[in-house]
Amino acid sequence: MLVHKDRGQWQEFGPAFYTAHLELFLGNGCLGVGVMMLLILTIERYVSVCHPSFTRPVMGPPGLTVFLTTVLTFIIYLPSVFRGELIKCILQNDGNFVYFRRDNNVFLRTIFYSIYKVMLEVIFKLIPTVLIAGLNLRIMMVYRKTCERRRKMILTRASYIKDEDPRKFAEERRLFLLLGSTSILFLACVSPMAILHMTIASEVLPIFSFQVFRALANLLELTNYSITFYIYCLFSEDFRNTLMRTRFIYL
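Parameters and conventions
Residues numbered from 1 in each chain as written. Predicted model: local features only at pLDDT ≥ 70, side-chain atom pairs only at ≥ 80, totals over all residues. Heavy atoms only, no water. Phe/Tyr/Trp six-rings, centres within 6.5 Å; stacked < 30°, edge-to-face > 60°. Buried < 20%, exposed > 50% of the residue type's maximum accessible area, 1.4 Å probe, protein only. Lys NZ or Arg CZ within 6 Å of the ring centre and 35° of its normal. Helix = DSSP H or I, 4+ residues; strand = E, 2+ residues; numbered from the N terminus. Pairing = 2+ DSSP bridges. Core = buried A, V, L, I, M, F, W, Y, C linked by side-chain atoms within 4.5 Å. Contact = heavy atoms within 4.5 Å.

S.K.: Would you mind showing me how to read the packing of aromatic side chains here?
M.R.: For any pair of aromatic rings, the description consists of the separation of the ring centres together with the inter-plane angle of the planes. Overall, the coordinates contain ten aromatic pairs when judged by the stated rule. Here the aromatic rings of Phe107 and Phe112 are separated by 6.3 Å at their centres, their planes lie at 50°, and the arrangement is tilted. Using a relative accessible area of 15% as the deciding quantity, one classes Phe107 as buried. Residue classification places Phe112 among the partly exposed positions, given a relative accessible area of 49%. Feature note: the residues Phe82, Phe107, Phe112, Tyr113 and Tyr116 constitute an aromatic cluster, connected by ring pairs. One residue, Lys88, lies across the ring of Phe97, its end atom 4.2 Å from the ring centre.

Quick look at the structure:
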């Protein structure tokens, strides 16, 4: 980044076009899908625990939900395709063509892009963070009350206390660990990326400390979704069973 100023130097049009127009779009689109999927899972869990009388699945058929979420997310990120532009230059020593990338300043300085950049942070960072943390907290409170009522019922039957207590409430501990760890992980790993997107500009690219922060923010965001996957596999039996069924279907 510091040497090439995020411009690159390509001799073929295909790699140059991909890097200048599609790399950021596809990467951010996939991360956005990950945010939306985690939010949908949280909403489904909230409804099943706090409003069990509602018809499930609340978000619609799972296959259709996944498809529409993916398509809409990539449509929202589509303007990022126009953030950069390619320049075709001739090398003086041998006369060959090379391609460089530069910021599309005409587009980046428009009012539309300024509003769009804030909108992205609100849709994919602020709203999911608030909802995931708030809904998970609400789930834990409701579930704890349910467990307390269940304990009182068990206490009235002293002969079943030793047999039922370990089995009944191991699920409560797993759920609290799942909800608490995913909420804290999401907040800690996504917040730096939100700050990065609001501060990134061509003026700060040559600053070494900014490039270090940029690399760490990207690493944290990627780490969040990979670790979240393993947390779900570790604490959720339903998630593990669904994963195994899906694996065998594709095999």
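S.K.: Please explain the pairing of strand β2 (residues 97-103) as it appears in this structure.
M.R.: Side-chain positions along a regular strand alternate between the two faces of the sheet. Among the seven residues of β2, five are classified as buried, and the element is accordingly described as predominantly covered. Pairing analysis gives seven bridges linking strand β1 (residues 84-90) to β2, with the strands arranged antiparallel. Paired with Gly84 across the bridge in β2 is Asp103.

S.K.: What am I meant to see in the nonpolar core here?
M.R.: Side chains that are nonpolar tend, in soluble globular proteins, to be buried together. Formed by 23 residues in total, the largest nonpolar core has its most connected members in Tyr77, Phe186 and Tyr225. The set of elements that each furnish at least two residues to this core consists of α1 (13-50), α3 (105-108), α4 (111-155), α5 (161-199) and α6 (208-235). If we skip the residues at most four places from it in the chain, Tyr77 touches Phe25, Asn28, Gly29, Gly32, Tyr116, Leu120 and Phe124. Core analysis: the next-biggest nonpolar cluster, separate from the first, contains eight residues, Val142, Tyr143, Cys147 and Leu175 among them.

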